[in-house]
Amino acid sequence: MIPTLTAAEMADRVRSGDLRAAEICEARLAHIREHDPAVRAFVTVMEPEALKAAEEVDLRRKSGVALSPLAGVPIALKDNLCTRGVETTCSSKILKGFIPPYDAAVVERLRAGGSPFLGKTNLDEFAMGSSTENSALFLTRNPHDPDRVPGGSSGGSACAVAADFAPLALGSDTGGSIRQPAAFCGVVGLKPTYGRVSRYGLIAFASSLDQIGPFARTARDAALLLDAIAGPDPRDSTCLPDPPPAFAQALDRPFEKIRVGLPKEYFGEGLTGPVTSALDRLKSELKDLGCELKDVSLPHTSCAIPVYYLIAPAEASSNLARYDGVQYGLRVETKDLIQQYFKTRSEGFGREVKRRIMLGTFALSSGYYDAYYLKALKVRRLIYEDFMKAFADVDVLLTPTTPTPAFRFGEKVADPLQMYLSDIFTISANLAGLPAISFPCGFDGALPIGAQLIGPALSEGRLLRIVHEYQKNSDWHLRRPRLARRDASRVGTAA
Amino acid sequence: MAIDRKTVEHVAALARLGLSDEEKDRLARELSGILDHVADLSRWNTDQVEPLYHILPIKNVTRDDAPARSGVRDDVLQHAPKSRPPFFAVPNVLEE
Amino acid sequence: MSAYEPVVGLEVHVQLKTASKLFCACPLEFGQEPNLNTCPVCLGLPGVLPVLNGRAVELAMRAALALNCRISEFFKFDRKNYFYPDLPKAYQISQYDLPLALDGFLEIQTNGHSRRIGIERVHMEEDAGKLVHAEPGHGVPPGTSFVDYNRVGAPLIEIVSRPEIAGPAEAHAYLDALKQIVRYIGVSDCDMEKGSLRCDANVSLRPAGSGKLGVKAELKNLNSFKFVEKALEVEIDRQAGVLESGGRVVQETRGYDAAKNITYSQRSKEEAHDYRYFPEPDLPGFAVSMQDIERARAALPELPAVRRARFEASYGLPAYDAAVLTAESATADYFEAVVRTGADAKKASNFIMTELLRDLKSAGLAADRSPVRPEHLADLLQIVASGEISGKISKDVFPIMFQTGKPPKEVIREHGLSLISDASSLAAPIAEVLKENPKAIEDFKSGKQAAIGFLVGQVMKKTRGQADPGLVAQELRKKIGQA
């Protein structure tokens, strides 16, 4: 009954008393019980905690306390967001049994606002990957086609929204980890400006690139979730002090004429036919909405992947050094401490994580720092400057989110470089710290196709307004997958 | 640039990663491939370019010197792989 | 040994006197229950982030200015990566290529002349924790170490000297001068026992007169200034022995065994150090304006060398007095408070150096905690000057003042210590002394003037020092003349 309600609608009904938060929560949990065995979006389902939080919202309403905008709307959390008292694994063996004594800042805010947390979702181990195949726990299946990946690294969160397990989910995006799975799963995914949302309690992959953001079916729901999580936090020195605007409220402002730039480097070879035609159709639809289209160029686009695959692994090699079995998580017992380090980290980390730790350690090591890491920091500035020049002429940039729709399991996992190249359109926004949103703009058969808008720093409101306007005039975002009921464990196991 | 097995072993030692022979060979191959791709960056002259350390326009972020006890010790010790409260416990570092 | 000259550079870590840690709010208390002062940030739990203590930056900047450094217009933090169980994140947040301050110097005194030692840099970093080696038994498996993270994240500055220190004695003098300045400006207690000052020394030998540096050894774990000096002495001898026998010094880290008075190699099987420094992405950089620097400079108290010179010039004190009084800022402040009330500078200096500093030392107090308030000491000196009590008695009055905190007048009254300045009350003791010492009277009469001094001493003894010695001598002469 409730699946087709948006988060905004759920919140309204809870507030008006038409629905109890506990009813909504129970219905989502029942849906998860029925269909998640085939999708496997969740690492941990937090049934008792979610119901308790929902009941508290109902009590608050009854006692006449004003409810916050998302009170009673259930949410799924990527399992790299720390949750007090609930195991947080990053889908890694090395964090097995890690129970944080604190909430991430975003979790704390949502908890205070009365969000029932349905559970923690699967990801590529430590958010390193583009298909969620690198989870050390199990595979997550694309709800639109169980033979295909959901994208990654926030694959579980994207699936949770696509499969209507939750109207909202949080993910993290270091090189496209929200936008690419959003595109593959046919939902909206927003990576905010770097510094817009506190990273406190987000288990770090690459600190200078990581940013938490929302998944939702509609721009309005994404805006509501962003409203709830954005804003200054004294516990994160890289969190901007600017108070954020009210994103959801601003959606209905009159739609002004927007100049949309089309970076030629994003429309070259490598796009599949259906992606090209979906984007062509989108361009003309945006024109109809009053947007002005303009060709632009971002000449250093081809540098994005090399720069990213130096900076992100370098930071990761340091961020992941703390997993040594001393204070928490996995420890492989040995007599000698140094052996303990080697054995614990060897058994605790998966293949892709080791690969990136090796790459990052190499890039920072004596004799190679200048040629690799420092070079990457310099080219990162060139990439940033490309965007600054482009934004002198246009308000936003439009690109495909990915060159192809969701690929099949195992298709790219054998060749790391091919996997890395699938992030080609999403990485630059992280390197430049810019907000970017992916939204469904068509289908290739059963497979969703996503488009991406990138804006200048702090322009999330503008991105959301464009998608909102588009969604008022299209229904791609309402196309739901037909969910299977089979048990995923019969089809394959984790890589 | 080609990464040989010896380099792989050196880097793995720095990163405290135990690797099997098979892993070492595979990583030497994979890292060489990735670094070949990365070598494209040398096409761009960056002599006059300042490295971008922080994308943010903010600086001088500090907090007040106000002490507060967190109270997490017992919780953390309880979940530690090995502890002897109030201490964490580790095997000795065996020197030669 | 004479064919070679030693070159020493010192790396000194000083713990800043803040209330909380460098990147988290955990309190800094010495001797606290293990791991009590820890939180997710300093324990390096996943996902948490450092936030810089603004007071630590202020104190570090003050120290850098006092050491005549140039404060960087822009500084940032970097990660120094290495694995050790006392380092929970497996990296230390430190500063690498853009440190807080560069290019300073420290004026030191050796053998009566003063010399400048260059300071290469001053940077901020966080401290590591402490490994406690477990005693066997009590169910502790053998080969286990315990870890206490109370100290992890304590704010430190590292002060790196240039390799310009000429030898062990000069190293000691450098440390004395450094400690004095840093304590003076209120940046640190510099208490080696509590670990708030730690020192590593780099030492190499080169042919005398050569401009080139030799291969150095790094000496670690030197836990007193005396040990720094001794360790350098034996290490210099060791290196000289190696070189003279045609060998080569190896670049390495060495420890110092105080009991055996030897240095020993600390090479471990670990991979050669490659700290893989890179900019700390969790902390934005720091821009320092001219106004910031001027404000910090204005907050800087007068430094010991300047104060010493001023004490000589404006109070007319001998160099020795000026040095002793300005060794600690609290002592110098005390002295100036006494003099401000009109006391004679030299007399105040004498009294402080002998009486006050002795009592403070045995009570383990600094001058700012003295039970005798400066105005009370000034009163005491005034009472002596007026002749109401003798200088000798003032030295009996002072310890009572120190014990009770009472003003001198009250002590003198309570203990009946005021001077006997009434000739009539001296008559009896003088008569006794004259009776007991006929020989001295003869001597005096036969022209030995010194004999009168002896007799005065005898009278003073009988009056337990309460007589006015001038009056006693006058009365004695009178009595002997009459006889």
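A quick note: this is a predicted structure, and the numbers were derived from the prediction, not measured. (Residues numbered from 1 in each chain as written. Chains lettered and ligands numbered in written order. Predicted model: local features only at pLDDT ≥ 70, side-chain atom pairs only at ≥ 80, totals over all residues. Heavy atoms only, no water.)

Asks: How would you summarise the pattern of salt bridges if you had to cite specific residues and measurements?
Replies: Enumeration over the complete set of coordinates arrives at 74 salt bridges over all chains. Put simply, Lys96 of chain A and Glu87 of chain A hold a salt bridge, and the shortest N to O gap is 3.8 Å. On the basis of relative accessibility, which here comes to 48%, the residue Lys96 of chain A falls in the partly exposed class. Among the salt bridges present, the one from Glu375 of chain C reaches Arg373 of chain C, with a minimum N-O distance of 2.6 Å. Bridged by salt links that share partners, the residues Glu352, Arg355 and Arg356 of chain A together with Glu22, Arg26 and Glu30 of chain B form one connected network. (Salt bridge = Lys/Arg side-chain N within 4 Å of Asp/Glu carboxyl O. Buried < 20%, exposed > 50% of the residue type's maximum accessible area, 1.4 Å probe, protein only.)

Asks: Just give me the short version of the sheet that holds strand E12 (residues 197-207) of chain C, but keep the residues and values in it.
Replies: Residue and element names in this part refer to chain C. Spatially, E3-E7-E8-E11-E1-E12-E13-E14-E15 is the arrangement adopted by the nine strands of the open sheet, whose pairing is mixed. Looking at strand neighbours, the two that pair on one side only are strand E3 (70-71) and strand E15 (262-265), the edges of this open sheet. Bridge count between strand E1 (residues 4-15) and E12: eleven bridges; the pairing is antiparallel. Note that in E12 the partner of His13 across the bridge is Arg198. Each of E3, strand E7 (101-110), strand E8 (113-126) and strand E11 (155-161) touches helix H1 (residues 54-66); the most contacted strand, E8, lies at about 160 degrees to it. Against the sheet, helix H2 (residues 168-184) touches E1, E7, E8, E11 and E12, its axis set at about 115 degrees to E7. (Pairing = 2+ DSSP bridges. Helix = DSSP H or I, 4+ residues; strand = E, 2+ residues; numbered from the N terminus. Contact = heavy atoms within 4.5 Å. Axes fitted to C-alpha atoms, helices over the stretch in contact; angles between N-to-C directions.)

Asks: Residue-level account of the interface of chain C and chain A, with values.
Replies: On the chain A side, the residues contacting the 31 residues of chain C number 41 residues. Interface area, chain C with chain A, both sides summed: about 2800 Å², of which 59% is carbon and sulfur. Summed over the shared surface of chain C and chain A, the result is one salt bridge. Here Asp282 of chain C and Arg199 of chain A are joined by a salt bridge, their closest N and O atoms 2.9 Å apart. (Buried area = accessible area lost by both parts, 1.4 Å probe.)

Asks: Lay out the interface of chain B and chain A in plain terms, naming residues and giving numbers.
Replies: For interface size, the figure often reported is the accessible area lost on association. Contacts between the two partners involve 52 residues from chain B and, on the opposite side, 63 residues from chain A. Together, the buried faces of chain B and chain A total about 5200 Å²; carbon and sulfur atoms form 73% of this surface. When the buried surface of chain B facing chain A is broken down by residue, Leu41, Leu52 and Ile55 of chain B rank first, second and third, together holding 13% of it. The interface formed by chain B and chain A includes three salt bridges. One can count 13 residue pairs in polar contact (both at pLDDT 80 or more) joining chain B with chain A. Per-element accounting of the side of chain B that touches chain A gives the leading share, ten residues, to helix H2 (residues 21-38) of chain B. Grouping the amino acids of the side of chain B that touches chain A by side-chain chemistry returns 36 nonpolar, eight polar and eight charged. (Polar contact = N/O pair within 3.5 Å; in protein donor to acceptor, adjacent residues only side chain to side chain. Nonpolar A, V, L, I, M, F, W, Y, C, P; charged D, E, K, R; others polar.)

Asks: With reference to specific residues and values, describe the state of the cysteines.
Replies: On inspection of all chains with the given rule, the structure shows zero disulfides over all chains. Of all cysteine sulfurs, the one in Cys159 of chain A lies closest to Cys25 of chain A, which takes part in no disulfide; the gap is 20 Å. Among the cysteines around Cys199 of chain C, which has no disulfide bond, Cys190 of chain C carries the closest sulfur, lying 12 Å off. For Cys199 of chain C, a relative accessible area of 1% translates into the label buried. (Disulfide = S-S within 2.5 Å.)

Asks: Quick rundown of the sheet that holds strand E2 (residues 83-84) of chain B? Include the residues and the values.
Replies: The pairing of strands in a sheet happens through backbone hydrogen bonds and is either parallel or antiparallel. The antiparallel open sheet is built from four strands, whose spatial order is E2(B)-E3(B)-E10(C)-E9(C). One side of each edge strand has no neighbouring strand; the edge strands of this open sheet are E2 of chain B together with strand E9 (130-133) of chain C. Bridge count between E2 of chain B and strand E3 (residues 87-91) of chain B: two bridges; the pairing is antiparallel. For Arg84 of chain B, the partnering residue across the bridge sits in E3 of chain B and is Phe87 of chain B.

Asks: Which residues make up unusual backbone geometry, and what values do they have?
Replies: Omega for the bond connecting Gly152 of chain A with Ser153 of chain A falls within 30 degrees of zero, at 10 degrees, which places this linkage in the cis form. Relative to the assigned elements, Ser153 of chain A resides in the loop between strand E3 (117-121) and helix H5 (155-162). Residue Pro86 of chain B is bonded to the preceding Pro85 of chain B through a cis peptide linkage, with omega at 10 degrees. Even without glycine at this site, Asn261 of chain C takes up a positive phi of about 50 degrees. Locating Asn261 of chain C in the fold gives a position in the loop between strand E14 (252-257) and E15. The partly exposed category is assigned to Asn261 of chain C, whose relative accessible area is 31%. Of note in this structure, Arg276 of chain C is not a glycine but carries a positive phi near 45 degrees. Mapping Arg276 of chain C onto the fold places it in the loop between E15 and strand E16 (278-279).

Asks: Describe the domain arrangement of chain C, naming the residues involved and giving the relevant values.
Replies: Annotation of chain C at the domain level lists domain 1 (4-295), domain 2 (302-414) and domain 3 (423-482). Inter-centroid distance (C-alpha atoms) of domain 1 of chain C to domain 3 of chain C is 66 Å. (Domains from an automatic or database assignment.)

Asks: Report on the layout of surface pockets, specifying residues and quantitative values.
Replies: Summary: where empty space remains is shown by rolling a probe the size of a single water molecule over the atoms. Residue and element names in this part refer to chain C. Its volume calculated, the second largest pocket comes out at about 920 Å³. Along the walls of the second largest pocket sit 29 residues, with Lys179, Arg183, Ala327, Glu328 and Ala366 positioned nearest its centre. Residue assignment for the lining of the second largest pocket shows that the elements contributing at least two residues are H2, helix H7 (329-340) and helix H8 (345-363). Considering every element that reaches the lining of the second largest pocket, the biggest residue donor is H2, with five residues. For the lining of the second largest pocket, the per-class residue count stands at twelve nonpolar, six polar and eleven charged. If you count residues domain by domain, the lining of the second largest pocket takes at least three from each of domain 1 (4-295) and domain 2 (302-414). (1 Å grid on protein atoms, 1.4 Å probe; cavity = no way out; pocket = protein on both sides within 12 Å on 5 of 7 lines; lining within 4 Å. Points joined across faces, edges and corners; volume = space filled by probe spheres on them.)

Asks: Can you tell me about helix H1 (residues 5-14) of chain B, naming the residues and giving the values?
Replies: A turn of α-helix holds 3.6 residues, and therefore any two residues three or four places apart point the same way. Turning to H1 of chain B, its buried residues are Thr7, Val8, Val11, Ala12, Ala13 and Leu14 of chain B. Where H1 of chain B is buried, its residues contact helix H11 (337-348) and helix H12 (351-364) of chain A together with H2 of chain B.

Asks: Can you break down the environment of Arg331 of chain A residue by residue, with the values?
Replies: Structurally, Arg331 of chain A can be placed in the loop between helix H10 (304-319) and H11. On the basis of relative accessible area, Arg331 of chain A is assigned to the buried category, the value being 10%. In the structure, Arg331 of chain A is positioned 188 residues away from Pro143 of chain A in sequence and 36 Å away in space, judged by C-alpha atoms. Setting aside chain neighbours within four positions, we find Arg331 of chain A in contact with Gly325, Val326, Gln340 and Thr344 of chain A together with Pro81, Lys82, Ala89, Val90 and Pro91 of chain B. In this structure the side chain of Arg331 of chain A is engaged in a polar contact, spanning 3.3 Å, whose partner is the backbone oxygen of Val326 of chain A. For Arg331 of chain A, the side chain forms a polar contact with the main-chain oxygen of Ala89 of chain B, separated by 2.8 Å.

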